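Fold and geometry: a report
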Amino acid sequence: MKLVKIPTYQAAHNKALHLTVKCEGYYVKIVMLDGGFGVDICHLSTLQRMEIGTKRIRPNNVCARAFDGIKRDTIGEIDLILTIGPVDFEVTFQVLDMDTSYNFLLGRPWIHAAGVVPCTLYHMVKFDHEDQ
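Notes on the structure follow. (Residues numbered from 1 in each chain as written. Predicted model: local features only at pLDDT ≥ 70, side-chain atom pairs only at ≥ 80, totals over all residues. Heavy atoms only, no water.)

With that out of the way, let us pick up the side chain of Glu77. Its place among the elements puts Glu77 in strand β6 (residues 76-84). Here the side chain of Glu77 touches Asn60 through a polar contact of 3.5 Å, side chain to side chain. Apart from the residues lying within four places of it in its own chain, the contact partners of Glu77 are Arg56, Ile57, Arg58, Asn60, Thr92, Phe93, Gln94 and Val95. (Helix = DSSP H or I, 4+ residues; strand = E, 2+ residues; numbered from the N terminus. Polar contact = N/O pair within 3.5 Å; in protein donor to acceptor, adjacent residues only side chain to side chain. Contact = heavy atoms within 4.5 Å.)

In structure tokens form, the structure reads like this:
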């Protein structure tokens, strides 16, 4: 068995992977990627700050379990176009009305649909675009 010493700058690294994306003409910071979450989340307050009307929210019967373990019913779902790097992605978000430390949460549905490889160590995402 070979032991590998982790450099000290990496040993204490435990920060979440956050992106800045463009959505509906607005730049949105603190977009968290979480491969352990089974839905993509958008907060009602984020939509309100972007001046997106609630009429675009479609009702549904989805219940999400928050990080604190409490089940929360969604308000509904909304399709938004996110621009990440040079690529536009259409994402179906579940809309919640709760306070969190992020504006959007991109979970497994977006990660798998986009073919993204998130790297929390180097705080970056990689994906194929135009065969590159």
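Below, the discussion takes up the packing of aromatic side chains. A full pass over the atoms with the stated rule returns three aromatic pairs. Ring plane angle 80° and centroid distance 5.4 Å describe the contact between Phe89 and Trp110, whose orientation is recorded as edge-to-face. Of the two residues, Phe89 sits in strand β7 (residues 87-96) while Trp110 sits in helix α3 (residues 108-114), which places them 21 residues apart along the sequence. The two residues Phe89 and Trp110 agree in class, both being buried. Cluster of aromatic residues (ring-pair linked, three or more members): Phe89, Trp110 and Phe127. (Phe/Tyr/Trp six-rings, centres within 6.5 Å; stacked < 30°, edge-to-face > 60°. Buried < 20%, exposed > 50% of the residue type's maximum accessible area, 1.4 Å probe, protein only.)

Quick look at the nonpolar core now. In terms of nonpolar packing, the biggest core is built from 30 residues, with Leu80, Leu82, Ile84, Phe93, Phe104, Leu106 and Trp110 touching the most fellow members. If you list the elements that add at least two residues to this core, you get β1 (17-23), β2 (26-33), α2 (44-49), β6, β7, β8 (104-106) and α3. Element by element, the count of residues in this core is highest for β7, at five residues. Aside from chain neighbours lying at most four places away, what touches Ile84 is Leu19, Val21, Phe89, Leu106, Trp110 and Phe127. Counting residues in each nonpolar core, the second largest holds seven residues, with Phe37, Met98, Tyr102 and Leu105 among its members. (Core = buried A, V, L, I, M, F, W, Y, C linked by side-chain atoms within 4.5 Å.)

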